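# Remarks on the overall topology
What follows is each chain in one-letter form.
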Amino acid sequence: MEIDPFIFRLSIFILSIFIGYYVVWSVTPSLHTPLMSVTNAISSVIIVGAIIAALAGSSESVFNISSIFGFIAIVLAAINIFGGFLVTQRMLQMYKKKKDKKK
Amino acid sequence: MISANLSAIFYLVSGILFILALRGLSSPDTSRQGNYFGIVGMIIAIVVTFLSIGNFSTSLIFVIMFLVIGGAIGAFIAFKIPMTAMPELVAGFHSLVGLAAVFVAIAAFLNPEAFNLGAVGAIKLASLIEMSIGAAVGAITFSGSIIAFLKLRGMMSGSPITFSGQHFLNLTLGIGIFVLIFYLCKTQSANIFWLVVIISFLVGVLLIIPIGGADMPVVISMLNSYSGWAAAGIGFTLENTALIITGALVGSSGAILSYIMCKAMNRSFFSVILGGFGADSSAGEKKEKKDQKPVKSGNAEDAAFLMKNASSVIIVPGYGMAVAQAQHALREMVDKLKKNDIKVTYAIHPVAGRMPGHMNVLLAEANVPYDEVFELEDINNDFANSDVAFVIGANDVTNPIAKTDPKSPIFGMPVLDVEKCKSVLFVKRSLSPGYAGIDNELFYRDNTLMLFADAKKMTEDIVKNLD
C-alpha cells in the first residue's frame, strides 16, 4: 500500500516545529521584537495561495468572486511582507556595538 | 511554466531560507544577514508561484498592481512607525496574516479547481478539513489581533471585559466550530462554511477581551503563534512546503515567546487566557494613599551627586521611560557618567516593555550599544556589587515583595534585585502602585531615594547637574 502524500507533508510540518523550537530558543532575548516582526513577514508567504486564487480568472473575466478574495489577500499579505521585512531591517540597523575599547 | 516537482524544490529552498532568517537572530551581528535570507526566500516563493501557474494574461498585471499597492502601504508604515508603537504594529500585522489566511481559504472553497482540490460541492475531504481549520484559526487571529491592537493603541480600555458564563460560551462556540466542520464535510454546504468563519471571528473577539493590559506581551506572542498555525493550515490545503515550514516555524516561535513571557510574569498560560488581570494599563497615578510610611525624596542635584561619586551604576528602564520619551536624555546622562569613568550597564526585565524584547529596541534606538544591555539572569548578581541603581519608569519588576510575600499577586515572579545596591534612585511621578496594583516595598527602604518627577524632565535635570 502506498503512503498518502499527506503523511509526508505532516512529517515536514512536525520536523519544522522541532527546527523552529531549537532555532527560536537560540534567538537572543534582546532580538525578540525583531523576531516577531520577521516571523510576521515570513508567514505572509501565504501570498502564494492568494496569487494562485487571483490568477485563476480568465483573460475575459479577471475578477470573479473567488479571484477577488485572492486579490484582496495579495494586498494584505504584501503590506505584511514589505512592512515586516523593512521594519525588521530598520530595527536591526539600530543594534550597534560599543565603538570604543571593550571592557 | 515549470514542473510541479521543480517548484516544490524551490518552495523547500525558500523554507530553508526562512529557517536561516530566524537563525540569524541568534546574535545582532548575523541578524541583518538573516533578514536578507528571509527576503530572498520570499522572492523565490513569489516568483516560483508565477512561473508554476504560467498564466501571463491580464490577471498577472492586476496581481502585480495589487502587490505594489500593498507593498507601498507596508513600506510607508515601516518607515513611519515610531519604535514605541511596535506592539500595535505587530498586532496589526498579525491581523492581516489572519485575514489573508481566511480569504485564501474562501477563495479555495469557492474555486477549488484552481487549487487542484476537486470541484465545487465535491472538494476532497482532507482539503476541506484543512481549509476550514485554516480559515477558523485565521479568523480567530484576525479578530483577536484587532482587539489587541485597539487595547494597545488605547482606543479600547485595557481593563479586562468579563461577564458570567464567558468561558462556557467560548467553550460552546469552540466545540460548535468542530461540529460545523464535521457537517461541512458531510454536506459541502457553503452556508456552513460561512458560519464557521463568522463564529471564528466571534471567538477571536471573545478570547482577547477578558485579557488585561498587563498581559499584552503574552497576548501578542500568542497571536503570533496563531498566525503561524493559520498559515500552516493553508499550507496543507495548497500542498505547499514553503507555507507548511513557515507556519510551523512561526507557530512554535510564538508559542515559545508566550512561554517566556508567562514565565517572566510568573503567570500560567492558562490563567492569562482566562483573563481578568492587570486592571488599567494607562491610568498612572490615580489614588495616592494618605497613610504613607516615610519616604526619602530628593532632587536632581542629590541624584547627580550620588552618581558622580559612584563607581558603578546600573540603569533599570521600564515602559514608563519610553512613554516619557526619556531614552535619549538617559543616554546623554550615561555618556556623562562614562566620561567620569563610571561603569554603567542596563538591566532589562523580560517584561520591561509591551512586547518581548521591546525595551532592547527602544534602547538601541537611543544609540545604546547592545553589549551594555543585560538580561535579568545575566545581571542580577551584579546589583550587590554596584553603588547606584537608577530605576526609571519601572516598578513591579523591582518589587522585592515578589521574593518574600507568598500572598502577593506577583509572588514568585523573577525580579531585579535592585534593593541590594548601596543606593537606589527611583524616578517616578508618584507613589502609585504599578500594573499589578500593589505597593512597592522598595519605596520605603532606607537606601532608596525617590525622585518625584517626569522621567524625561528629571533625567535632563540630572544631566545639567552632572557638569
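Residues numbered from 1 in each chain as written. Chains lettered and ligands numbered in written order. Predicted model: local features only at pLDDT ≥ 70, side-chain atom pairs only at ≥ 80, totals over all residues. Heavy atoms only, no water.

Once that is clear, we can look at the packing of helix α4 (residues 65–94) of chain A against helix α3 (residues 58–80) of chain B. Between α4 of chain A and α3 of chain B, the least distance of the axes is 7 Å, while the angle of their chain directions is 35 degrees. Considering the relative orientation of α4 of chain A and α3 of chain B, their crossing is right-handed. Considered class by class, the residues forming the contact of α4 of chain A with α3 of chain B number 17 nonpolar, five polar and two charged. (Axes fitted to C-alpha atoms, helices over the stretch in contact; angles between N-to-C directions. Helix = DSSP H or I, 4+ residues; strand = E, 2+ residues; numbered from the N terminus. Left-handed = near helix turned anticlockwise from the far one by under 90°. Nonpolar A, V, L, I, M, F, W, Y, C, P; charged D, E, K, R; others polar.)

Next up on the list: the packing of helix α5 (residues 125–153) of chain B against helix α6 (residues 166–187) of chain B. Think of two packed helices as two axes; the pair is described by the angle between the axes and how far apart they sit. All names here are of chain B. Between α5 and α6, whose axes approach to 10 Å, the crossing angle comes to 150 degrees. Our classification of the angle between α5 and α6 gives roughly antiparallel. Considering the relative orientation of α5 and α6, their crossing is right-handed. Facing α5, whose interface residues are Leu 125, Leu 128, Ile 129, Ser 132, Ile 133 and Ala 136, α6 presents Ile 177, Ile 181, Leu 184 and Cys 185. Looking at the contact of α5 with α6 residue by residue, the class counts come to nine nonpolar, one polar and no charged. (Parallel < 35°, antiparallel > 145°, perpendicular 65-115°, else oblique. Contact = heavy atoms within 4.5 Å.)

As a further point, take the interface of chain A and chain B. Facing the 81 residues of chain A at the interface are 104 residues of chain B. The contact between chain A and chain B buries some 8500 Å² in all, and 77% of this surface belongs to carbon and sulfur atoms. In terms of surface lost to chain B, no three residues of chain A exceed Met 36, Ile 46 and Leu 55 of chain A, which account for 9% of the buried area on that side. Where chain A packs against chain B, one counts one salt bridge. Between Arg 9 of chain A and Glu 239 of chain B there is a salt bridge whose closest N-O contact spans 3.5 Å. There are 17 residue pairs in polar contact (both at pLDDT 80 or more) connecting chain A and chain B. Of all the secondary structure elements, the ones that give two or more residues to the side of chain A that touches chain B are α1 (5–25), α2 (32–43), α3 (47–54) and α4 of chain A. Considering every element that reaches the side of chain A that touches chain B, the biggest residue donor is α4 of chain A, with 27 residues. Taken together, the residues that form the side of chain A that touches chain B break down as 51 nonpolar, 24 polar and six charged. (Buried area = accessible area lost by both parts, 1.4 Å probe. Salt bridge = Lys/Arg side-chain N within 4 Å of Asp/Glu carboxyl O. Polar contact = N/O pair within 3.5 Å; in protein donor to acceptor, adjacent residues only side chain to side chain.)

The subject of this paragraph is the pattern of salt bridges. All names here are of chain B. Applying the stated criterion across every chain, the model contains eleven salt bridges over all chains. Notably, a salt bridge pairs Arg 445 with Glu 441, separated by 2.7 Å at the nearest N-O pair. The class for Glu 441 is partly exposed, based on a relative accessible area of 29%. In this structure, a network of salt bridges that share partners links the residues Lys 403, Asp 417, Glu 419 and Lys 420. (Buried < 20%, exposed > 50% of the residue type's maximum accessible area, 1.4 Å probe, protein only.)

Let us now look at the side chain of Lys 151 of chain B. Residues and elements named next belong to chain B. Relative to the assigned elements, Lys 151 resides in helix α5. Nearest to the buried, unbridged Lys 151 among oppositely charged side chains is Asp 215, at 9.3 Å. Engagement of the side chain of Lys 151 in a polar contact is seen with the backbone oxygen of Ile 211, the distance being 2.7 Å. Sequence-distant contacts of Lys 151, that is, excluding residues within four places in its chain, are made with Met 156, Ser 157, Gly 158, Ser 159, Pro 160, Ile 208, Ile 209, Ile 211 and Met 216. (Lys, Arg positive; Asp, Glu negative; His and termini not counted.)

Our next topic: a nonpolar patch on the surface. A cluster of nonpolar side chains, contributed by Leu 10, Ile 14, Phe 18, Tyr 21, Tyr 22 and Trp 25 of chain A together with Tyr 259 of chain B, occupies part of the molecular surface with about 730 Å² of accessible area. Ranked by the residues each element gives to the nonpolar patch, the list is headed by α1 of chain A, at six residues. Relative to the helices and strands, Phe 18 of chain A resides in helix α1. (Patch = residues over 30% accessible without salt bridge, like charges linked within 9 Å, V, L, I, M, F, W, Y side chains within 5 Å. Areas by Shrake-Rupley, 256 points an atom, 1.4 Å probe, with all protein chains shown as cover.)

Time to look at the environment of Val 368 of chain B. All names here are of chain B. Looking at the secondary structure, you find Val 368 in the loop between α14 (358–365) and β5 (373–375). According to the relative accessible area criterion, Val 368 is buried, its value standing at 4%. Counting along the chain gives 146 residues from Val 368 to Met 222, while the straight-line C-alpha distance between them is 29 Å. In this view, Val 368 contacts Arg 331, Tyr 346, Leu 363 and Val 373; residues no more than four positions away in its chain are not counted.

Glancing now at the environment of Val 38 of chain A. Structurally, Val 38 of chain A can be placed in helix α2. Along the sequence, Val 38 of chain A and Ile 81 of chain A sit 43 residues apart, while their C-alpha atoms lie 8.8 Å from each other. Setting aside residues up to four positions removed in sequence, Val 38 of chain A forms contacts with Phe 85 and Thr 88 of chain A together with Leu 22, Leu 25 and Asn 35 of chain B.

This part takes up the pairing of strand β4 (residues 343–348) of chain B. All names here are of chain B. Counted residue by residue, β4 has five buried out of six residues, so it is predominantly covered. Two elements, β4 and β5, share three bridges in a ladder whose sense is parallel. Directly across from Ala 347, in β5, lies its bridge partner Phe 374. Read from β4 through α14 to β5, the crossover connection turns out right-handed. (Pairing = 2+ DSSP bridges. Right-handed = clockwise from strand over helix to strand, strands pointing away.)

A word on the packing of aromatic side chains. Tallied over the entire structure, the rule returns 19 aromatic pairs over all chains. Both rings, one in Phe 71 of chain A and one in Phe 66 of chain B, keep their centres 4.9 Å apart while their planes meet at 40 degrees; by these two values the pair is tilted. On the criterion of chain membership, the pair formed by Phe 71 of chain A in helix α4 and Phe 66 of chain B in helix α3 is interchain, its members lying in two chains. Given a relative accessible area of 18%, Phe 66 of chain B falls into the buried group. Each member of the aromatic cluster is reached from another via a ring pair, and the members are Phe 69 of chain A together with Phe 103, Phe 109, Phe 193 and Trp 194 of chain B. If you follow Arg 354 of chain B out to its NZ or CZ, it ends over the ring of Tyr 319 of chain B, 4.1 Å from the centre. (Phe/Tyr/Trp six-rings, centres within 6.5 Å; stacked < 30°, edge-to-face > 60°. Lys NZ or Arg CZ within 6 Å of the ring centre and 35° of its normal.)

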